[in-house]
Amino acid sequence: MKDARQADQSHWPDLIKESFGKSFWIFVGVAAGTATLCYIVLDPDTFASVIARDRVLLTGLLPRVAAAQILAGFVWVLLPRDRMSAFMQRNRGKRGLIFAAAAGAITPGGPASAFPFLLILAGTGADRGILVSYISGWALLGIQRIIVWDIPFMGLEFSMFRLLISIPLPIIAGMLARRLAFMLPPESGPPANDGNP
Amino acid sequence: MNSAGAIILYSGAVVLGGVALARRDDSFRLGLARAVQQAVIILPRMIFALIAASFIVTLIPTEIIVAYLGPEAGIKGILIGSLTGLIVPSGGAVAFAIAATFAFEGASAPALVSFLTGWSVFAAHRVFIFELPLLGARFVLLRMLSVIPLPFIAGAIAMLVSSS
C-alpha cells in the first residue's frame, strides 16, 4: 500500500507542471503548424471540416479514455503488484510472449481500447517484450480487425494467408524488444519495489 | 465503432470500482486519485495530438504514395510494399482501400502482405494519437525499432510460401 499512498500525495502544482510540460507544447506546436498549413495550402473549408471531424472524434474518444484511466487506477490499487511481477518474472521466456500475442489478438476494438489496455499492462510490471508482443499481436492478428477490414477488402483466402504468415511476427518483435539495449525510463505507472526487501 | 472494447472498459471500471468500494479501506479513493492524476497528464496531450494527426493526414497526399506501389513483384515489390506501409498515416478505411486497389492493379501477394504488415505495426497516426501521449517517446522508439523488420520478414515468408 506504500506505493499507493505516494501517488495520493501528488501535489496539484507538480501535476499541472507535468501535464503542460515540454511534450504537451510540442503537440500544441505541431497541431498549430499543421493547422495553419492546412488553412493556407489547402483551403478554409478543408480546415473547417477537419476541425468538425476532430470534435466528433474527441467526443467519442474522451469518455473512453477517461473510463480507461479509471479502470487503470483501480487495477493499480487492487492488483497484488508483488505477486503480479513475480508472475511476470516467471513468464519471461517465449511462453510469456506467446500469451501476450494471443491476448492482443483477442482484444476487441480499435486503438482507443488497445492502447489503454497496453498502459494497464505496463502498470502490472510486464517487461518490454510482453508489451511489444501484446500490441503487435493486436495490430497484426486482431480478430475483430480481420473480420471488419481484412476479409471484406481482401477476401477470405488472402486474409487467412496473411494471418498465418503473421502468427510468429509479434513474438519476433517481443524478442527483439528484449534484446535492444536501451533503458526505458522508470515506469510512469506503479513504482516497482525494486531492491526493497 | 469499437463498441466491444468500449463496453469492456466501462464495465471493467464499474466492476473494479465496486470491488474497491467493498474493501472498505482507502482503495476506492486511491484508485480514483490515481485515475485523475494520470488523466490530467495524458488528456491535454492527447487532444492536441489528435488535432495534429488529423491535419497531418489531410496534408499528406496519399495518392502520390500509392502511385509508387504498382505491380512490382519479387524482392522489389516487398521493399516497396513495406516502405509504403510504414508511411501511410491513416486508419483502416484508407489503408485497406489502398491495399484493395493494389491487388486490383496486380500487386503480388508478398508485396500486399508487406504493405499490410508495415501499416499494421506502424500506423503513424495511431502512434501519434495514442502511443506517444499514453506511453511516452522512449517506449515508442523501442517498439518502432522492434517492429521495423516485420514487414520484410512477412513479405519474405509470403514469397517462400507462394513460390513453393
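Residues numbered from 1 in each chain as written. Chains lettered and ligands numbered in written order. Predicted model: local features only at pLDDT ≥ 70, side-chain atom pairs only at ≥ 80, totals over all residues.

## Some words on the overall build of chain B
- When you go through chain B residue by residue, the secondary structure sums to nine helices and zero strands.
- The secondary structure elements of chain B, listed N-terminal to C-terminal, are α-α-α-α-α-α-α-α-α.
- Buried residues in chain B amount to 51% of all 164 residues.
- When contacts within chain B are restricted to residue pairs at least 6 apart in sequence, long-range pairs at least 24 apart make up 79% of them. (Helix = DSSP H or I, 4+ residues; strand = E, 2+ residues; numbered from the N terminus. Buried ≥ 20, exposed ≤ 12 C-beta atoms within 10 Å, placed from the backbone. Contact = placed C-beta atoms within 7 Å.)

## Notes on the nonpolar core
- In this structure, L71 and L118 of chain A are the most contacted members of the largest nonpolar core, which totals 100 residues.
- At 15 residues, helix 2 (residues 27-59) of chain B tops the list of elements feeding residues into this core.
- Beyond its immediate sequence surroundings of up to four residues, L118 of chain A is in contact with L131, Y134 and I135 of chain A together with L135 of chain B. (Core = buried A, V, L, I, M, F, W, Y, C linked by C-beta atoms within 7 Å.)

## Here we look at the packing of helix 8 (residues 128-141) of chain A against helix 6 (residues 109-122) of chain B
- Remark: helix 8 of chain A packs on helix 6 of chain B, axes separated minimally by 8 Å, with the N-to-C direction vectors making an angle of 135°. Between helix 8 of chain A and helix 6 of chain B, the angle is such that the two are oblique. The two elements helix 8 of chain A and helix 6 of chain B cross, and the hand of that crossing is right-handed. Judged by residue contacts, S136, A139 and L140 of chain A of helix 8 of chain A engage T117, S120 and V121 of chain B from helix 6 of chain B.
- Within the contact of helix 8 of chain A with helix 6 of chain B, the residues separate by chemical class into three nonpolar, three polar and no charged. (Axes fitted to C-alpha atoms, helices over the stretch in contact; angles between N-to-C directions. Parallel < 35°, antiparallel > 145°, perpendicular 65-115°, else oblique. Left-handed = near helix turned anticlockwise from the far one by under 90°. Nonpolar A, V, L, I, M, F, W, Y, C, P; charged D, E, K, R; others polar.)

## A few points about helix 8 (residues 137-147) of chain B
- Every buried residue of helix 8 of chain B is listed here: F139, L142, R143, S146 and V147 of chain B. The buried residues of helix 8 of chain B all sit within an arc of 120° when viewed along its axis, so they share a single face. Away from its buried face by more than 90 degrees, helix 8 of chain B exposes A137 and R138 of chain B.
- Considering only its buried residues, helix 8 of chain B is in contact with helix 8 and helix 11 (169-179) of chain A together with helix 6, helix 7 (124-135) and helix 9 (150-163) of chain B. (Arc of directions from axis to C-beta.)

## Here's the deal with the interface of chain A and chain B
- Facing the 77 residues of chain A at the interface are 71 residues of chain B.
- Among the residues forming the side of chain A that touches chain B, the class breakdown is 55 nonpolar, 14 polar and eight charged.

## Description of helix 8 of chain A
- Between the first and last C-alpha of helix 8 of chain A there are 19 Å, a value that for 14 residues agrees with the 20 Å anticipated at 1.5 Å per step.
- Most of helix 8 of chain A is tucked away, with 14 of its 14 residues classed as buried. (Expected span 1.5 Å × (residues − 1).)

## With respect to the confidence of the model for chain A
All names here are of chain A.
- With 84% of its residues at a pLDDT of at least 70, chain A reaches an overall mean of 81.
- Per-element averaging of pLDDT across chain A places helix 1 (residues 2-8) at the bottom with 47 and helix 11 at the top with 95.
- Below a pLDDT of 50 lies the segment residues 1-8, which in the model reaches ten contacts outside its immediate sequence neighbourhood of four places, other chains included.
- When the criterion is pLDDT under 50, residues 187-197 qualifies, and its contacts beyond four places in sequence or with other chains add up to 13 contacts. (pLDDT = per-residue confidence, 0-100.)

## With respect to unusual backbone geometry
- Phi at R24 of chain B is positive, roughly 55°, even though this residue is not glycine.
- You can see R24 of chain B is positioned in the loop between helix 1 (3-22) and helix 2.

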